[in-house]
Amino acid sequence: VNALGVDEQYEILNVLEFTSDRKRMSVVVRTPGGTVRLFCKGADSVVYERLAANQPFADSTLRHLEEFAREGLRTLCLAVAEVSEERYQLWNAQYQQAANAINDRAARLEAVAEQLEQNMLLLGATAIEDKLQAGVPEAVAALGSAGVHLWVLTGDRQETAINIGYSCRLLNAQMTLMVTPEGGGGGAAQRRGQGAASERESVEEFIRTRLEQLHEHTGRENEALALVIGGRALAEALATEELAAKFLELARTCKSVICCRVSPLQKSEVVQLVKNNVAGAVTLAIGDGAND
C-alpha cells in the first residue's frame, strides 16, 4: 500500500469474514516493522462495543456519524488493535482448528474471531452516498397512492434510514412519525448494563401508549402515520406473542414502516408476522442483495 507517499508491504495473515450477524470484517496483518495488527471495519453499534477505554476520537466520531446519517450517507467505523506475537500464535492455532472443523465451522470461527476483536482503538469513520435508481421515488409514491402499505427493513442507522425514507418518498412532511426510543453507536455500549426486562418494558410502554392515543382520537383514521423501529426494539417487540400482536396492530395503522438496524433473520420474522396474522394479506418482499 502507499502510505503518505511511501510504499509499504503488509502480509495478510488472516481474514475474519463479514457476516450479517457479525456486522463487521477484520484482517490480521504483519506490518513492515514485523508487528501484528488487526484492522476492523463495521457498523458503529458493534465496533464501539469492542473498543478499549479512553478513546480519543469516540465522541467526535459519533458526532460525525450523526451528521453523515442526517445526509443519508452509509457509514462504517474503522478500528485497529496491536497483537503481541505470543498472543497471535496462540490465537492462530485456535483459528486454524476452527477453520478446519467439520461441524459448526461458522460458529466456531465467529467465536474465535470475537476473542481478537477486543480492546481496539477507534480510527474514525467512512461515509458513502448510495444513490437511488432513477424513478424510485415516483414508483414508491405511486404504490403508496394505490393503497399499498410499504415497509422498509434495513440494516442502516436510524438517522440514515429516515433520511432515505424521505428521499425515496416513503415518508413525507405530512406524516406523523412515531420513532421507538433506541440510540445508536455509542449508546449500545452504554446500554450494556441495562437488563432485557427493562428494554422490553420500554418497548411495551411505547407501543401501548401509541395504541391508546390512536384509540382515544377516533377521528385520526385518515391521518398518515409512519413507524420507525430499531433492531433492539424490534427484537423485544417480537419476543412474545402478545407483544408481537400489539406491535402488528400499531404497524398496521401506519402508511409506512421502517425497521432499521435489523438482521436478515429479523427481516424474515417481520414478513412472517404479517403473513401469519393478517387474514387475506398479500405480501411481496423485495431484496436488493444476497443477505435479503
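Throughout this document, residue positions are counted from 1 along each chain, in the order its sequence is written. Reporting in this predicted model follows two pLDDT cut-offs: at least 70 for local features of residues, and 80 or more for side-chain atom pairs to be given and counted; totals over whole chains, interfaces and linings ignore these cut-offs and use all residues. Note that the side-chain values use all heavy atoms of the structure and ignore hydrogens as well as water.

**Some points on the overall build of the protein chain**
Here a helix means four or more residues in a row that DSSP labels H or I, a strand means two or more in a row labelled E, and each is numbered from the N terminus. Looking only at helices and strands, the protein chain features 11 helices and 11 strands. If one aligns the C-alpha atoms of the protein chain with their principal axes, the spans along those axes are about 70 × 40 × 35 Å. Burial classification: accessible surface area is computed with a 1.4 Å probe over protein chains only, and a residue below 20% of its type maximum counts as buried, one above 50% as exposed, and the rest as partly exposed. Classification of the 292 residues of the protein chain by burial places 40% in the buried group. Long-range pairs, those at least 24 residues apart, make up 73% of the contacts in the protein chain with a sequence separation of at least 6. Each accessible area value is a Shrake-Rupley result obtained with a 1.4 Å probe; residue values ignore everything except the protein chains displayed when judging cover. With the model as given, the accessible surface of the protein chain reaches about 16,400 Å², and the carbon-plus-sulfur share is 51%. Just so you know, the count uses Lys and Arg for positive and Asp and Glu for negative, and it drops His and the chain ends. Every charge is mapped to an atom, namely NZ of Lys, CZ of Arg, CG of Asp or CD of Glu. Within the protein chain, the 39 negative side-chain charges are centred at a point lying 1 Å from the centre of the 29 positive side-chain charges. The contact definition used throughout considers only heavy atoms, calling two residues in contact when any of these lie within 4.5 Å.

**Quick word on the packing of aromatic side chains**
Each Phe, Tyr or Trp ring (for Trp, its six-membered ring) is paired with any other whose centre lies within 6.5 Å, and the angle between the two planes then decides the class: stacked below 30 degrees, edge-to-face above 60, tilted in between. One pass over the full model with this rule turns up 2 aromatic pairs. Taken together, a centroid distance of 6.1 Å and an interplanar angle of 35° make the contact between tyrosine 88 and tryptophan 91 tilted. Separated by 3 residues within a single helix, tyrosine 88 and tryptophan 91 lie in helix 3 (residues 85–99), roughly one turn from each other. Among the aromatic side chains, those forming a connected cluster through ring pairs are Tyr88, Trp91 and Tyr95.

**Comments concerning the confidence of the model for the protein chain**
The predicted structure's coordinates, where accompanied by low pLDDT, should not be read in detail. One number per residue, pLDDT, summarises how confident the predictor is, and it ranges from 0 to 100. Confidence in the prediction for the protein chain averages 87 pLDDT; 90% of positions are at 70 or higher. Across the protein chain, the element-wise mean pLDDT spans from 40 in helix 7 (residues 186–190) up to 97 in strand 5 (residues 36–42). The low-confidence segment residues 183–194 (pLDDT under 50) makes 19 contacts with residues lying over four places distant or belonging to another chain.

**Things to note about the nonpolar core**
By nonpolar core is meant a set of buried Ala, Val, Leu, Ile, Met, Phe, Trp, Tyr and Cys residues that side-chain atoms within 4.5 Å join together. In terms of nonpolar packing, the biggest core is built from 28 residues, with Leu38, Tyr48 and Trp91 touching the most fellow members. If one sorts the elements of this core by residue count, helix 3 sits on top with 5 residues. Core analysis: the next-biggest nonpolar cluster, separate from the first, contains 26 residues, Leu214, Leu243, Phe247 and Val278 among them.

**Topic: the pairing of strand 6 (residues 74–83)**
For two strands to be treated as a pair, DSSP must find at least two bridges joining them. As defined by bridge partners, strand 5 adjoins strand 6 across 7 bridges and the pair is classed as antiparallel. Looking across to strand 6, one finds that glycine 42 is bridged to cysteine 77. Pairing between strand 6 and strand 7 (residues 121–128): 7 bridges, direction antiparallel. The partner of leucine 78 across the bridge, within strand 7, is glycine 124.

**Side note on the sheet that holds strand 8 (residues 150–153)**
Pairing in this open sheet of 4 strands is parallel, and the strands run 8-11-10-9 from one edge to the other. The open sheet is flanked by strand 8 and strand 9 (176–179), the only strands paired with a single partner. In this sheet, neighbouring strand axes are inclined to one another by 10° on average, regardless of whether the strands run parallel or antiparallel. Here 4 bridges tie strand 8 to strand 11 (residues 256–260), and the two strands are oriented parallel to one another. From the neighbouring strand, leucine 150 faces strand 11, where its bridge partner is serine 256. Only the stretch in contact is used when fitting a helix axis, every axis being a line fitted to C-alpha atoms; angles between N-to-C directions are given from 0 to 180 degrees.

**Here we look at the side chain of arginine 261**
Mapped onto the elements of the fold, arginine 261 is located in the loop between strand 11 and helix 11 (264–277). The class of arginine 261 is buried, set by a relative accessible area of 14%. Within 3.5 Å is the distance limit for a polar contact, defined as a pair of N or O atoms, with the added protein rule that one can donate a hydrogen and the other accept it, and that residues adjacent in sequence qualify only through two side-chain atoms. Among the polar contacts made by the side chain of arginine 261, one reaches the side chain of aspartate 44 at a distance of 3.0 Å.

**Some words on a nonpolar patch on the surface**
Like-charged residues are merged into a patch within 9 Å and nonpolar side chains (Val, Leu, Ile, Met, Phe, Trp, Tyr) within 5 Å, provided each residue has over 30% relative accessible area and no salt bridge. Any Lys or Arg side-chain nitrogen located within 4 Å of an Asp or Glu carboxyl oxygen qualifies as a salt bridge. Residues Leu78, Leu121 and Leu123 make up a contiguous nonpolar surface patch of about 220 Å² in total accessible area. One can find leucine 123 in strand 7. Under the relative-accessibility criterion, leucine 123 is labelled partly exposed at 44%.

**With respect to the pattern of salt bridges**
For the coordinates displayed, the defined rule picks out 17 salt bridges. With its nearest N and O atoms 3.0 Å apart, the salt bridge here joins arginine 261 to aspartate 44. In this pair, arginine 261 is assigned in the loop between strand 11 and helix 11 and aspartate 44 in helix 1 (residues 44–47), connecting sequence segments 217 residues apart. Each member of the pair arginine 261 and aspartate 44 is classed as buried. Linking arginine 50 and glutamate 49 is a salt bridge whose minimum nitrogen-to-oxygen distance equals 3.8 Å. Given the relative accessible area of 12%, arginine 50 is considered buried. Via salt bridges that share partners, Arg22, Arg24, Glu49, Arg50, Glu114, Glu117, Glu199 and Arg232 belong to a single interconnected network.

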